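Examination of the molecular architecture
This is what each chain is made of:
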Amino acid sequence: DGGITQSPKYLFRKEGQNVTLSCEQNLNHDAMYWYRQDPGQGLRLIYYSQIVNDFQKGDIAEGYSVSREKKESFPLTVTSAQKNPTAFYLCASGGQGTLSYNSPLHFGNGTRLTVT
Amino acid sequence: LAKTTQPISMDSYEGQEVNITCSHNNIATNDYITWYQQFPSQGPRFIIQGYKTKVTNEVASLFIPADRKSSTLSLPRVSLSDTAVYYCLVGDQGGSTLGRLYFGRGTQLTVWP
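Each chain has its residues counted from 1, following the order in which its sequence is written. A letter from A marks each chain and a number from 1 marks each ligand, given out in the order of writing. Residue-level local features of this predicted model are given only where pLDDT is at least 70; pairs of side-chain atoms are given and counted only at 80 or more, and the full residue set underlies all totals for whole chains, interfaces and linings. Each side-chain value is derived from all of the structure's non-hydrogen atoms; neither hydrogens nor water enter the calculation.

**Regarding the pattern of salt bridges**
Residues and elements named next belong to chain A. Threshold: Salt bridges are defined as contacts in which a side-chain nitrogen from Lys or Arg sits within 4 Å of a carboxyl oxygen from Asp or Glu. Labels follow the DSSP assignment, with helices taken as runs of H or I lasting at least four residues and strands as runs of E lasting at least two, numbered in each case from the N terminus.
On inspection of all chains with the given rule, the structure shows three salt bridges over all chains. Across the salt bridge formed by K71 and D30, the nearest N and O atoms sit 3.4 Å from each other. Of this pair, K71 sits in the loop between β7 (64-66) and β8 (76-78) while D30 is found in the loop between β3 (19-25) and β4 (31-37), placing the two residues 41 residues apart along the sequence. Where D38 meets R36, a salt bridge forms, and the shortest distance between an N and an O atom there is 3.0 Å.

**Comments concerning the state of the cysteines**
To keep things clear, this is the line we draw: Disulfides are defined as cysteine sulfur pairs within 2.5 Å. A 1.4 Å probe rolled over the protein chains alone gives each residue an accessible area, and that area as a share of the maximum for its type sets the label: buried under 20%, exposed over 50%, partly exposed in between.
According to the stated counting rule, one finds two disulfides over all chains in the structure shown. Across the disulfide from C23 of chain A sits C91 of chain A; the S-S distance is 1.9 Å. A torsion of -75 degrees about the S-S bond marks the disulfide between C23 of chain A and C91 of chain A as left-handed. Of the two residues, C23 of chain A sits in strand β3 while C91 of chain A sits in strand β9 (residues 87-94), which places them 68 residues apart along the sequence. The same class applies to C23 of chain A and to C91 of chain A, which are both buried. Between the sulfur of C22 of chain B and that of C88 of chain B lies a disulfide, 2.2 Å long from S to S. In this structure the cystine formed by C22 of chain B and C88 of chain B twists about its S-S bond by roughly -80 degrees; its chirality is therefore left-handed. Here C22 of chain B, found in strand β2 (residues 18-23), pairs with C88 of chain B, found in strand β8 (residues 84-91); they are 66 residues apart in sequence, far enough to count as distant.

**Concerning the sheet that holds strand β9 (residues 107-112) of chain B**
Residues and elements named next belong to chain B. Note the following rule: Any two strands are treated as partners once DSSP identifies two or more bridges connecting them. In this analysis, axes come from line fits to C-alpha atoms, helices being fitted only over the stretch in contact, and the angle between any two N-to-C directions falls in the range 0 to 180 degrees.
Judged by pairing direction, the sheet is mixed, and its five strands sit side by side in the order β1-β9-β8-β3-β4 without closing on themselves. Looking at the sheet topology across the chains shown, the edges are occupied by β1 (9-13) and β4 (45-50). Recorded for the sheet is a direction-independent mean angle of 25 degrees between the axes of neighbouring strands.

**Let's talk about unusual backbone geometry**
With omega at -10 degrees, the peptide bond leading from S7 of chain A into P8 of chain A counts as cis. By the secondary structure assignment, P8 of chain A is in the loop between β1 (4-7) and β2 (10-13). Non-glycine residue N28 of chain A carries a positive phi angle of around 60 degrees. Tracing the backbone through its elements, the reader meets N28 of chain A in the loop between β3 and β4. Residue N28 of chain A is classed as partly exposed on the basis of its relative accessible area of 44%. Even without being glycine, R68 of chain B reaches a positive phi, approximately 60 degrees. Along the chain, the position of R68 of chain B falls in the loop between β6 (61-64) and β7 (70-75).

**Here we look at the sheet that holds β1 of chain A**
All names here are of chain A. The four strands lie next to each other as β1-β3-β8-β7, forming an open sheet whose pairing is antiparallel. One side of each edge strand has no neighbouring strand; the edge strands of this open sheet are β1 and β7. Averaged over all adjacent pairs, the angle separating strand axes in this sheet is 20 degrees, with direction ignored. In this structure, β1 lies alongside β3, joined through four bridges in antiparallel fashion. The residue of β3 that forms the bridge with I4 is Q25.

Now the structure itself:
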């Protein structure tokens, strides 16, 4: 079955440490995204990538970094510069090149990061 | 990005039809309307998408009036398992705006026995 996998499901870190969240998809989608969700809130876009080796900042990119070396993978690093890193992080993918128009997003089941 | 307005919460009972209305006054010509469902501690899941008039699938129906400034998600005969947050999104899902969709707080639907 095709899908999008985020790991780990729960992650605990000490303040001041960088941490990397994994996102892998086997849907052959060109575009991948990272969102952050805080309790009772909607999703906010952190970074997105429409093609390998290219990515753009979303609305709340400060304190985060990404890479897109492979089509299937889009890891997110939460750096020590992120002031409030504790949140639920969601990865999504969508679109296949010229067929991307109006294709819905597919989401992983998220990683809940707790920083103390 | 076109923003949307939807009720914060709704309550219903099992077996009833639920209609959730979303307002999107500044929808653009190329924009489609998409609804997602999210359960706690899970990623959102695509429900239905439409451009105008009515769209129906095995899960829901989407009604869009001629002016496209609002849309209504209709869930027939809801069950307890339909308790979730429902997001209405408006955007051009092609090209450079793919994924830059505004997820508001959504509508928390609670279905009671």
